[in-house]
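Survey of secondary and tertiary structure
Below, each chain spelled out in residue letters.
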Amino acid sequence: MASELDMDAGKWEVEARKQDQPLELTVDPVSGNVLSEHRDDAEQAPPASAMVLSKLLQAVSDVGGYQHFDEVSFERRYWEIEVFKDGQKHELHVDPMTAK
């Protein structure tokens, strides 16, 4: 489960858990291939019953018309999402259960 996504130097940096171990992944944004993986400090994860992040981001995009996601991180009770719309950057706080 991912707890943070960040575009850095043209690649996604993803903080996630694999078998309950915190990892940082570097992911190719076009192919989705994992380019590197290493252990990382643990970040707070969304609740186990939270909406799958890919579905949540699709819902945010569909409803808000956002064209580009820049950074996504889980902050205590909600997803903090930095997005662009019409060339302007916006910061959204999104419920992990409902995508609102």
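Shown above is the structure to which this text applies.
Keep in mind that what you see is a predicted model, and the values were worked out from it rather than measured.

Overview of the overall build of the protein chain
Each helix and strand in the protein chain was counted, giving one helix and seven strands. When the elements of the protein chain are put in sequence order from the N terminus, they spell out β-β-β-β-α-β-β-β. Against the compact-globule benchmark of 13 Å for 100 residues, the protein chain has a radius of gyration of 13 Å, which places it among compact chains. For the protein chain, with 100 residues in total, the buried portion stands at 37%. Of the contacts formed within the protein chain by residues at least 6 apart in sequence, a portion of 33% connects residues at least 24 apart. One finds the centroid of the 10 positive side-chain charges in the protein chain at a distance of 6 Å from the centroid of its 21 negative side-chain charges.

Topic: the sheet that holds strand β3 (residues 21-27)
The strands that make up a sheet pair up through hydrogen bonds in the backbone, lying either parallel or antiparallel. If you trace the seven strands from one edge of the open sheet to the other, you get β4-β3-β2-β1-β5-β6-β7, paired in antiparallel fashion. Two strands bound the open sheet, and with one partner strand each, they are β4 (34-39) and β7 (88-94). With strand direction ignored, the average angle separating the axes of adjacent strands in the sheet is 20°. In terms of strand pairing, strand β1 (residues 2-8) meets strand β2 (residues 11-18) through six bridges, oriented antiparallel. Following the sheet pairing, E4 is matched in β2 by E15. In this fold helix α1 (residues 53-64) packs onto β1, β5 (68-75), β6 (78-85) and β7, with an angle of close to 45° to the strand it touches most, β6.

So, the pattern of salt bridges
Tallied over the entire structure, the rule returns three salt bridges. Close ionic contact of E37 with K18 constitutes a salt bridge, the shortest N to O distance being 4.0 Å. Taken together, the positions of E37 in strand β4 and K18 in strand β2 put the pair 19 residues apart, joining distant regions of the chain. A relative accessible area of 45% places E37 in the partly exposed class. K18 gets classed as partly exposed once you look at its relative accessible area, which sits at 46%. Members of the salt-bridge network, linked through shared partners, are D70, E82 and K89.

Quick notes on the pairing of β7
Look at any regular strand and the pattern is simple: side chains alternate between the two faces of the sheet. Across seven bridges, β6 lies against β7 in antiparallel orientation. Within β7, the position partnered with F84 by the bridge is K89. Where β6 hands over to β7, the hairpin turn is made up of two residues, of which D86 adopts a positive phi near 55°.

Thoughts on the pairing of β3
Summarising burial for β3: six of the seven residues are buried, a large majority. Note: β2 against β3, seven bridges, orientation antiparallel. Bridge pairing links E13 to T26 in β3. Counting the residues in the hairpin turn of β2 and β3 gives two residues, including Q19, whose phi is positive at 50°. Bridge analysis of β3 against β4 gives five bridges, and the strand direction is antiparallel. Among the inter-strand pairings, E24 is bridged to a residue of β4, identified as H38. Here β3 folds back onto β4, and the loop between the two strands holds six residues, one of which, G32, carries a positive phi near 80°.

What counts, and at which threshold
- Residues numbered from 1 in each chain as written.
- Predicted model: local features only at pLDDT ≥ 70, side-chain atom pairs only at ≥ 80, totals over all residues.
- Heavy atoms only, no water.
- Helix = DSSP H or I, 4+ residues; strand = E, 2+ residues; numbered from the N terminus.
- Rg over C-alpha atoms; globule rule 2.2 N^0.38 Å.
- Buried < 20%, exposed > 50% of the residue type's maximum accessible area, 1.4 Å probe, protein only.
- Contact = heavy atoms within 4.5 Å.
- Lys, Arg positive; Asp, Glu negative; His and termini not counted.
- Charge placed at Lys NZ, Arg CZ, Asp CG, Glu CD.
- Pairing = 2+ DSSP bridges.
- Axes fitted to C-alpha atoms, helices over the stretch in contact; angles between N-to-C directions.
- Salt bridge = Lys/Arg side-chain N within 4 Å of Asp/Glu carboxyl O.

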